[in-house]
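Take a look at the letters that make up each chain.
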Amino acid sequence: MEYSEKKIHIIEAAEKLFATNGFSGTSVRDIAHEAGVNLAMISYYFGSKEKLMQSLFEYRSAAFQLERVLNDEKMTPLEKVNHMIENYMEKVFNQSCFHKIMVREQMRNHDTELGEMLKAFKKKSLLAMQQLIIEGQNKGVFRKDIDLQMLILTMTGTTNQLISTMEFYRYMNEDLKDLSEDDFKATMKIRLFEHLKLLFKAILTHEA
């Protein structure tokens, strides 16, 4: 789905407010003020705050497309899985506001329209990641007796935990304390990526 520059501007303004104040704590008027547009423009583009949130999910999920990797016959199944890990990590590290929204709202909403939207978004991402692993299983490269959902939760849970506790990780490691913020994040991304690659390789290809 393609978005105009104006739509993206409004979506990103809403994302910033949703991350700070929560979905319920943000009004359409707040979003209009943050984006520097009038209320009518938001209504014209999105119709409602709920539809704007849906557009935010669609906009962010577009960055997590694995179809090209799935169809790349030059890449091995393990290379595709490593790409998936790196893609997910980049998304979480670079989209901190969206990550906060996901964490906050999924803990608060269950049977609401927003809760259903969150579940649909997570399901779509999960199925795409599972497809990469199933391809490797079908080719006989990966073990068959793997709990795919638990494996994906290992990746997402480890990444989310690190994002939430990075400053404590810095506090506990002397070699990280004097790094600039950018160097610190870059170092943590490398460490996490290498850790997850080794973990997935061990689980997917080794005998239990």
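Being a predicted model, the structure only gives us computed values, none of them experimental.

Student: Account for the overall build of the protein chain, with residues named and values stated.
Tutor: In terms of regular secondary structure, the protein chain is built from 10 helices and zero strands. For the protein chain, the N- to C-terminal ordering of α and β elements is α-α-α-α-α-α-α-α-α-α. Along the three orthogonal principal directions, the C-alpha set of the protein chain runs to about 60 × 45 × 35 Å. Taking all 208 residues of the protein chain together, 41% fall into the buried category. Contacts spanning at least 24 positions in sequence make up 64% of the contacts within the protein chain whose residues lie at least 6 apart. By element, 52% of the accessible surface of the protein chain is carried by carbon and sulfur atoms, the whole surface being about 12,100 Å². Here the protein chain holds 28 positive side-chain charges and 30 negative ones, and the gap between their average locations is 2 Å.

Student: Quick rundown of the pattern of salt bridges? Include the residues and the values.
Tutor: This model, assessed by the stated rule, comprises 11 salt bridges. Here glutamate 90 and lysine 189 are joined by a salt bridge, their closest N and O atoms 3.0 Å apart. Highlighted residues: glutamate 90 in helix H6 (residues 77–94) and lysine 189 in helix H10 (residues 181–205), separated in sequence by 99 residues. Under the relative-accessibility criterion, glutamate 90 is labelled partly exposed at 31%. Residue glutamate 167 is joined to arginine 170 by a salt bridge in which the shortest nitrogen-to-oxygen separation is 3.4 Å. Of this pair, glutamate 167 and arginine 170 both sit in helix H9 (residues 148–172), separated by three residues, roughly a single helical turn. You can call glutamate 167 partly exposed: its relative accessible area is 46%. Classification of arginine 170 by relative accessible area gives buried; the value is 10%. Taken together, the shared-partner salt bridges connect Lys80, Glu135 and Lys139 into one network.

Student: Account for the layout of surface pockets, with residues named and values stated.
Tutor: Size it by volume and the largest pocket reaches roughly 530 Å³. Forming the walls of the largest pocket are 23 residues, and the residues nearest its centre are Tyr88, Met102, Gln106, Lys122 and Thr156. Mapped onto the lining of the largest pocket, the elements with two or more residues apiece are H6, helix H7 (96–108), helix H8 (113–138) and H9. It is H8 that provides the largest number of residues to the lining of the largest pocket, a total of seven residues. Each residue belonging to the lining of the largest pocket can be placed in one class, and the counts come to 11 nonpolar, eight polar and four charged.

Student: Pulling in residues and values, what's your account of the environment of methionine 41?
Tutor: Considering the arrangement of structural elements, one finds methionine 41 in helix H3 (residues 39–46). Taking C-alpha positions, methionine 41 is 35 Å from asparagine 160, a pair spaced 119 residues apart along the chain.

Student: An account of the nonpolar core is needed here, citing residue identities and associated values.
Tutor: Counting residues in each nonpolar core, the largest one holds 30 residues, and the members touching the most others are Val81, Met84, Ile85, Ile133, Met155, Phe200 and Leu204. Contributions of two or more residues to this core are made by helix H5 (67–70), H6, H8, H9 and H10. In this structure, isoleucine 133 is in contact with Val81, Phe142, Leu148, Leu151, Ile152, Phe200 and Leu204, ignoring residues within four places of it in sequence. By size, the runner-up hydrophobic cluster in this structure holds 27 residues, among which are Ala13, Ile31, Phe46 and Ile101.

Rules behind the numbers
Residues numbered from 1 in each chain as written. Predicted model: local features only at pLDDT ≥ 70, side-chain atom pairs only at ≥ 80, totals over all residues. Heavy atoms only, no water. Helix = DSSP H or I, 4+ residues; strand = E, 2+ residues; numbered from the N terminus. Buried < 20%, exposed > 50% of the residue type's maximum accessible area, 1.4 Å probe, protein only. Contact = heavy atoms within 4.5 Å. Areas by Shrake-Rupley, 256 points an atom, 1.4 Å probe, with all protein chains shown as cover. Lys, Arg positive; Asp, Glu negative; His and termini not counted. Charge placed at Lys NZ, Arg CZ, Asp CG, Glu CD. Salt bridge = Lys/Arg side-chain N within 4 Å of Asp/Glu carboxyl O. 1 Å grid on protein atoms, 1.4 Å probe; cavity = no way out; pocket = protein on both sides within 12 Å on 5 of 7 lines; lining within 4 Å. Points joined across faces, edges and corners; volume = space filled by probe spheres on them. Nonpolar A, V, L, I, M, F, W, Y, C, P; charged D, E, K, R; others polar. Core = buried A, V, L, I, M, F, W, Y, C linked by side-chain atoms within 4.5 Å.

Such coordinate-based values are descriptive only and should not be taken to indicate function.
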